[in-house]
Protein chains: 2
Amino acid sequence: MHYFMEPTGVAIFGASQDFTTINGKILKYLLKHQFGGQIYPINPKYKEIVGLPCYPSIGDITEQVDLALIAVAAARVPGILRDCGGKGVKRAVIFSSGFAEMGQEGKKVQEEILQIAKEYNMRVIGPNCLGILNVSTGLIASFSGSMEVDHIKTGPVALVSQSGAVGFMLFNLLQEAGVGVNYVVTTGNEADVTAGEGLTYVVESPDTKVVLTYLEGLRDGESFRKTAEKAAEAGKPIIALKVGNSASGQKAAATHTAALTGSGGAYKSYFEKMGIIQARDSEDIIDLAQAFLPGKLPHGPRVGIVTMSGGVGILLADRSEEIGLQVPELSASLQKEVQKVIPSFGCAQNPVDVTAQSLNQGEEFKKCLRILLASDELDMLIVAITMATGQIAEKIGRDIAEAALGTDKPLVVSWSVGQVAKPGFEVLKKAGVPLYHSPARAVKAIGALYHYANFQKNWKLPAIDKIDPLRKSQIQTVLRKSSQALSEHATKELLELYGLPVTKEYVAVTAEEAVGIAEKFGYPVVMKIDSPDILHKTEAGGVAVNISSPQEVRAKFQEIIERGKAYNPQAKINGILIQEQVTPGVEVIIGLQRDPVLGTQIMFGLGGIFVEVLKDFILKPVPLSREDAENMLNEIKGAALLNGVRGRGAVDKEALTEILLGVSQLAVEAEDTLLSLDMNPVTVLPKGLGAKVLDGVLISSDSCQTCTN
Amino acid sequence: MHYFMEPTGVAIFGASQDFTTINGKILKYLLKHQFGGQIYPINPKYKEIVGLPCYPSIGDITEQVDLALIAVAAARVPGILRDCGGKGVKRAVIFSSGFAEMGQEGKKVQEEILQIAKEYNMRVIGPNCLGILNVSTGLIASFSGSMEVDHIKTGPVALVSQSGAVGFMLFNLLQEAGVGVNYVVTTGNEADVTAGEGLTYVVESPDTKVVLTYLEGLRDGESFRKTAEKAAEAGKPIIALKVGNSASGQKAAATHTAALTGSGGAYKSYFEKMGIIQARDSEDIIDLAQAFLPGKLPHGPRVGIVTMSGGVGILLADRSEEIGLQVPELSASLQKEVQKVIPSFGCAQNPVDVTAQSLNQGEEFKKCLRILLASDELDMLIVAITMATGQIAEKIGRDIAEAALGTDKPLVVSWSVGQVAKPGFEVLKKAGVPLYHSPARAVKAIGALYHYANFQKNWKLPAIDKIDPLRKSQIQTVLRKSSQALSEHATKELLELYGLPVTKEYVAVTAEEAVGIAEKFGYPVVMKIDSPDILHKTEAGGVAVNISSPQEVRAKFQEIIERGKAYNPQAKINGILIQEQVTPGVEVIIGLQRDPVLGTQIMFGLGGIFVEVLKDFILKPVPLSREDAENMLNEIKGAALLNGVRGRGAVDKEALTEILLGVSQLAVEAEDTLLSLDMNPVTVLPKGLGAKVLDGVLISSDSCQTCTN
């Protein structure tokens, strides 16, 4: 990304002296915002443009050109790119539309572009993007109307967007909110450079403190994961607006930048793991950027609320508690201190009602803020202002700004009034105090700081996985060989490699063999058809439980074989699985699902209707730490069932934790040979008595075309 | 409320010619906004103020005074109020603080105020409020800074707030958003006039179309319910910002306007029943007001999205589907029509991407909007604009406004850009087109229109309950006589009056009697202790099931009596309840809970862990219509369990519906003699086989002090 973001020479194809055209605007904005490097307009029509020599072709430039800016008709792009390659240009940003987003024909031209780039060892951003900015160097490689402003505010917020329009919309909103930006990268169709690469560059840049990103679907999960780790390590929050989760949204995502939209669930789970803050709206992402900008995080969940209206105080308290913040009543001694600087009809409990009167004059309001910020009873402060106009608004703004600058605790302002309070808004904006025009938005923003602080406290780089090379090759070999789902027994053989407690079982080929095994296991036993071609054994009449005598074993053996053949005459039947019958316990479901971009997710939920009907399950990305595994057990809604309810004792959660860790290790070693695993049910017994995997099916990634699931 | 809102003569106590004081401001704003009636300043210091004769006391005014405005120190208020009474003043607004919100002493003065008002047949708004407005008549009885503007925009939105500061904060935000207001009523401590009365007035006013209200807790449930019914009948949406649901919020509500904050659940259920739209934030309530103002409701859930950025289109689609809207792909013929008026690289599917290009010039954009609005494939339209500045923004605004005015379908605009697009914003504001500065807010607003349209479609005035006078007197007598929870058997006797299918049972006083009953019922039977003093029978060892022989009956009879005595030596034991043992089925819980303000709520949930652990239950206010009862069964998350999952058939939902209706009728006839009812479990059998109430306890309202629950 270096040559994209810090080029010394930039060429503009089709540069025009008509500054209302797209190519004219690109030139205009580079000049207007005083790009530090060389600018080479290319256009055979002109000898020079506004004093700059203009070149008939890229070949006519004698100096080194790092970056070419190309905003011409799609059909002309391949030729121009070849010229660039010939000249030794290292990078190109292609603004033009009409490529993969337009169907098959456009896709072919886009592939050609990638070929040319590879041929000449060039890297390309776009096509169908709105360009890139490196604000402090004046590299304004964009024709967005947002560049019309006289001065672009620079600052430590970086922005990477797969959509050009959304990227520059957010840029504009940031600037309006007084938030300075260092980099903007919009990647459009991502013929070559991906949003992941853009993110890597901005995260690694020492002058980035907060990263915003708009994503439709990632192409390079691996590099994204590494970048997310770097950001977590460096304490640089990434705030993501990820779209494309709805049915029609996914459709639109596919037509728009032709992105591979990963499943919403995998993103959510991955973002949570990496502390990536999820915004739901353009307004949201700007609000969050403002909150993180001062770089102050709370050390706990206790929020102080200062208000001039009791009603707004209640509203703030309601919203705060909903997202896990606490609004503690202040201690008697602190209340006494506060009472001294607020009117007698105010309220010092928290929410602290300073009343409209105390804001207007004197030092009391500022003193009150200082007292609360200095107290060890509070971790952060929300200051809520309602009506205030003109000079009074300005004074209030100054009081708050002064308090905010003098503290390490986060302070945000909720100021719900229109432009009459503008002088106050301006003071806060200038001082970089996060300012929101409604109570709920202020709470949401400061709540995000608290949740990120928690993430940072608990975050550590995942330990390098200990791989058992023999086992790894064993599981990969089995899965590679399998063009379909593995049978229950074959699945369990692999699960056993990872120490998972599968049922004692054996495949009998004859009825007499079956009786022998059952006698050895002890009655009752379970009998199940063993066939890789019959996935839904119960449906096929292939399962019998509570088998308690040799006679029953013999009878069921024939019956199950016959039913299996009737169900699927083509099925290869290996025999009948004779299985110990496990004491009833609490049933859970544990599974794996590989997302092509974000890697494998592990799923845990309660069995029966909980996962299927109530959708009560949790996903986490592999690999799991022991803590992750323990958290999974506690994060489902029905967690109380594992801890014991209604007279039942707790189940063996340690045994479940071990199973989750074993499954995680299996996913790590299977790598991309695995598509999914479903262990349903796993029976967990009371504390100390363990758990058993009763049934399971592994599906290899090669089989995803053939299996019907 | 008439004399408050339409007074002919208004007196201002302590009126001042210093327009920076509170009493000066009240006078200033009445003059500035040209109040149509007479103004009588009262202040012995002046002979006249700005040309108006000033009176030493209220008694010196010879004309009739309808309304007194009182903003003096709390201690002086009772005296002034007496003077007003003596003069025959009909109404007073008391702005002053220092009453019930300040503790016991203030509470006493507030009670005195109410006494004086009653004595003189006066009505009082406040104390501790910020006044009232009737904009079109210039009755600006408030000193809020929001009144400084030169012109207050009048319009069909009315605002009733229990908090003065919040009320005028919302008023200010409405005016900034270009929304005209007719009435504002802030009720403060509600010594006399309540928010409910304010709501009744504004809902009944023919010039109100949309009602906004900020509520901490209602005092007069009955009048609120009647007003909500009137609003539903008239199709006037009420948008409520109800606060005080959090622990600290409730604390703050108690100290703030000393309101009785009802339970959050009862409000939610009641609001849903009455179609009252619930806002979560000040921004929210303004957004919703704008959406409802044009008075257009969608006829279905299908939303069209017009965007100049694919990315914003996806975001809008995501948020739309989350709240139950549909984003249908347009038909081939409609796409063809749309394609004619958008550039070739646009997208006509829906979201329709018209691209930035088509907005800038010509008629295409307007045509596109017209085509979509005219189509019967869409019920409403969201138009999303991103970057657009100056004249182009203005043109876009005009195009959209024209389209919006020419359609009966709701149209809202999401325009996510800063003040560079102000000319466009102004055009939309003037035309009354709902304008939001972020996609999610636009979706939320149009979604509320859809949900309200659904409510309106299904709403009907509840049929007048058929009361059985004999039964009514019977249940009320039993409940009034009971100072504690009724025993299971006594409860079931009352349930039977309402046709509820309780278990066959009989209280035996001796073991032999018990055997006789058991023989008559047929084995197995259930035996339970019958004592009004033992609520938790299982805990007391007072329940035995599966009793299968006379010997067992005799043995258990003694055992249960002894255990009961051991558990509570003081307990009065009526005997042992012999009960038919019901075939196992699906267990559900049905209950009633009376909220002192909002009336009785009926609760339905699945038994076992579903209600207790997963909090999966539903509340609806009594009385239930048959449709309400049927909906309750479908609205729990685990509804699939009633419809049959995993091989089980559906349960007898008709039987459950009848039980819900019977319980509703019981609540209606019991009126306020009932505090709560808990029927847990009710066993429901497969379709056609009915349901049985296995256990139940009724608690009378008199017993709420004595019972331990």
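- As recorded by an unreviewed UniProt entry, chain A carries the name Acyl-CoA synthetase (NDP forming) and is attributed to Desulfosporosinus acidiphilus.
- Database annotation for chain A, UniProt heading Sequence similarities (unreviewed entry): "In the N-terminal section; belongs to the acetate CoA ligase alpha subunit family."

Digging into the relation of the copies chain B and chain A
One copy of the chain maps onto the other through a rotation about an axis plus a displacement along that axis.
Link 1 in the chain: With an RMSD of 0.1 Å, the operation that places chain B on chain A is a rotation of 180 degrees combined with a shift of 0.1 Å along the axis. Put plainly, the chains are arranged around a two-fold axis. Closest approach to the rotation axis within chain B is made by the C-alpha atom of leucine 614 of chain B, at a distance of 4.7 Å.
Link 2 in the chain: Counting the interface residues of chain B, we find that 100% of their copies in chain A are interface residues as well, pointing to one common contact surface.

Details of the environment of glycine 85 of chain B
All names here are of chain B.
Link 1 in the chain: Structurally, glycine 85 is set in helix H3 (residues 77-87).
Link 2 in the chain: Expressed as a C-alpha distance, the spacing of glycine 85 and glycine 131, which sit 46 residues apart in the sequence, is 20 Å.
Link 3 in the chain: For glycine 85, the residues in contact, after removing those within four places along its chain, are Tyr120 and Met122.

Examining the domain arrangement of chain A
Link 1 in the chain: Entries for chain A in the domain assignment read domain 1 (1-125), domain 2 (153-293), domain 3 (296-458), domain 4 (504-580) and domain 5 (586-705).
Link 2 in the chain: Computed over C-alpha atoms, the centres of domain 1 of chain A and domain 4 of chain A are 70 Å apart.

Examining the packing of helix H12 (residues 332-339) of chain A against helix H14 (residues 364-374) of chain A
All names here are of chain A.
Link 1 in the chain: Where H12 contacts H14, the axes come no closer than 9 Å and their chain directions differ by 160 degrees. With respect to H14, the element H12 is oriented roughly antiparallel. Remark: the crossing between H12 and H14 carries right-handed chirality. Residue-level contacts link Leu334, Glu337 and Val338 of H12 to Cys368, Ile371 and Leu372 of H14.
Link 2 in the chain: Of the residues contributing to the contact of H12 with H14, the split by class is 5 nonpolar, no polar and 1 charged.

So, the interface of chain B and chain A
Link 1 in the chain: Facing 75 residues of chain B, the contacting portion of chain A comprises 75 residues.
Link 2 in the chain: Each partner contributes to the roughly 5600 Å² buried at the junction of chain B and chain A, and carbon and sulfur atoms together form 61% of this total.
Link 3 in the chain: Linking chain B to chain A there are 4 salt bridges.
Link 4 in the chain: Here arginine 441 of chain A and glutamate 283 of chain B are joined by a salt bridge, their closest N and O atoms 2.4 Å apart.
Link 5 in the chain: Where chain B meets chain A, there are 18 residue pairs in polar contact (both at pLDDT 80 or more).
Link 6 in the chain: At the level of elements, helix H5 (164-176), strand S13 (238-242), helix H8 (247-256), helix H10 (282-292), helix H11 (310-322), helix H17 (439-458), helix H22 (609-612) and helix H24 (640-643) of chain B are the ones that each hand at least two residues to the side of chain B that touches chain A.
Link 7 in the chain: When residues in the side of chain B that touches chain A are grouped by element, the largest group, 10 residues, is from H11 of chain B.
Link 8 in the chain: A breakdown of the residues in the side of chain B that touches chain A according to their chemical character gives 30 nonpolar, 28 polar and 17 charged.

Structural notes on the nonpolar core
Link 1 in the chain: The biggest cluster of nonpolar side chains holds 223 residues, and the ones touching the most others in it are Leu69 and Ile132 of chain A together with Leu69 and Ile132 of chain B.
Link 2 in the chain: Apart from residues lying up to four places away in sequence, leucine 69 of chain A is in contact with Val10, Ala11, Ile12, Phe13, Ile26, Leu30, Val93, Phe95 and Ala141 of chain A.
Link 3 in the chain: Among the nonpolar cores identified, the runner-up in size contains 98 residues, and Leu614 of chain A together with Ala629, Ala667 and Val682 of chain B belong to it.

Let's talk about the packing of aromatic side chains
Describing an aromatic ring pair means giving the distance of the ring centres and the angle of the ring planes.
Residues and elements named next belong to chain A.
Link 1 in the chain: Going through the model one piece at a time under the given rule, you end up with 22 aromatic pairs over all chains.
Link 2 in the chain: Seen from their ring centres, tryptophan 415 and phenylalanine 425 are 5.2 Å apart, and the 90 degrees between their planes marks the pair as edge-to-face. One end of the pair, tryptophan 415, is in strand S18 (residues 411-415); the other, phenylalanine 425, is in helix H16 (residues 422-431), and 10 residues separate them in sequence.
Link 3 in the chain: The exposure class of tryptophan 415 is buried, given its relative accessible area of 0%.
Link 4 in the chain: Overall, phenylalanine 425 belongs to the buried group, its relative accessible area being 4%.
Link 5 in the chain: Relative to tryptophan 459, the ring of phenylalanine 455 has its centre 5.7 Å away and its plane inclined at 35 degrees; by these criteria the two rings are tilted. Like phenylalanine 455, the residue tryptophan 459 is buried in the burial classification.

Some thoughts on the environment of phenylalanine 224 of chain B
All names here are of chain B.
Link 1 in the chain: Of note, phenylalanine 224 is situated in helix H7 (residues 221-234).
Link 2 in the chain: Sequence separation between phenylalanine 224 and alanine 490 is 266 residues, and the spatial gap between their C-alpha atoms is 35 Å.
Link 3 in the chain: Excluding residues within four positions of it along the chain, phenylalanine 224 makes contact with Leu199, Leu215, Leu218, Tyr270, Phe271, Ile276 and Leu598.

Quick notes on the sheet that holds strand S16 (residues 352-353) of chain B
Residue and element names in this part refer to chain B.
Link 1 in the chain: Taken together, the 5 strands give an open sheet; going across it, the order is S16-S15-S17-S18-S19, and neighbouring strands pair in parallel fashion. On the outer flanks of this sheet lie S16 and strand S19 (435-436), each paired with one strand and no other.
Link 2 in the chain: Note that strand S15 (residues 303-307) and strand S17 (residues 380-385) share 5 bridges and pair parallel. When the bridges of S17 are listed, valine 306 appears paired with valine 383.
Link 3 in the chain: Sheet strands in contact with helix H15 (residues 390-405) are S17 and strand S18 (411-415), and its direction is about 160 degrees off that of S18.

Description of the UniProt feature "domain: ATP-grasp" (unreviewed entry) in chain A
Link 1 in the chain: Feature annotation in UniProt assigns "domain: ATP-grasp" (unreviewed entry) to the following positions: residues 492-528 of chain A.
Link 2 in the chain: The span residues 492-528 of chain A is 46% helix and 22% strand, and its two end C-alpha atoms sit 14 Å from each other.

Each value, and the rule that gives it
- Residues numbered from 1 in each chain as written.
- Chains lettered and ligands numbered in written order.
- Predicted model: local features only at pLDDT ≥ 70, side-chain atom pairs only at ≥ 80, totals over all residues.
- Heavy atoms only, no water.
- UniProt positions renumbered as here; feature names shortened; annotations may be inferred.
- Least-squares fit on C-alpha atoms with pLDDT ≥ 70 in both.
- Contact = heavy atoms within 4.5 Å.
- Helix = DSSP H or I, 4+ residues; strand = E, 2+ residues; numbered from the N terminus.
- Domains from an automatic or database assignment.
- Axes fitted to C-alpha atoms, helices over the stretch in contact; angles between N-to-C directions.
- Parallel < 35°, antiparallel > 145°, perpendicular 65-115°, else oblique.
- Left-handed = near helix turned anticlockwise from the far one by under 90°.
- Nonpolar A, V, L, I, M, F, W, Y, C, P; charged D, E, K, R; others polar.
- Buried area = accessible area lost by both parts, 1.4 Å probe.
- Salt bridge = Lys/Arg side-chain N within 4 Å of Asp/Glu carboxyl O.
- Polar contact = N/O pair within 3.5 Å; in protein donor to acceptor, adjacent residues only side chain to side chain.
- Core = buried A, V, L, I, M, F, W, Y, C linked by side-chain atoms within 4.5 Å.
- Buried < 20%, exposed > 50% of the residue type's maximum accessible area, 1.4 Å probe, protein only.
- Phe/Tyr/Trp six-rings, centres within 6.5 Å; stacked < 30°, edge-to-face > 60°.
- Pairing = 2+ DSSP bridges.

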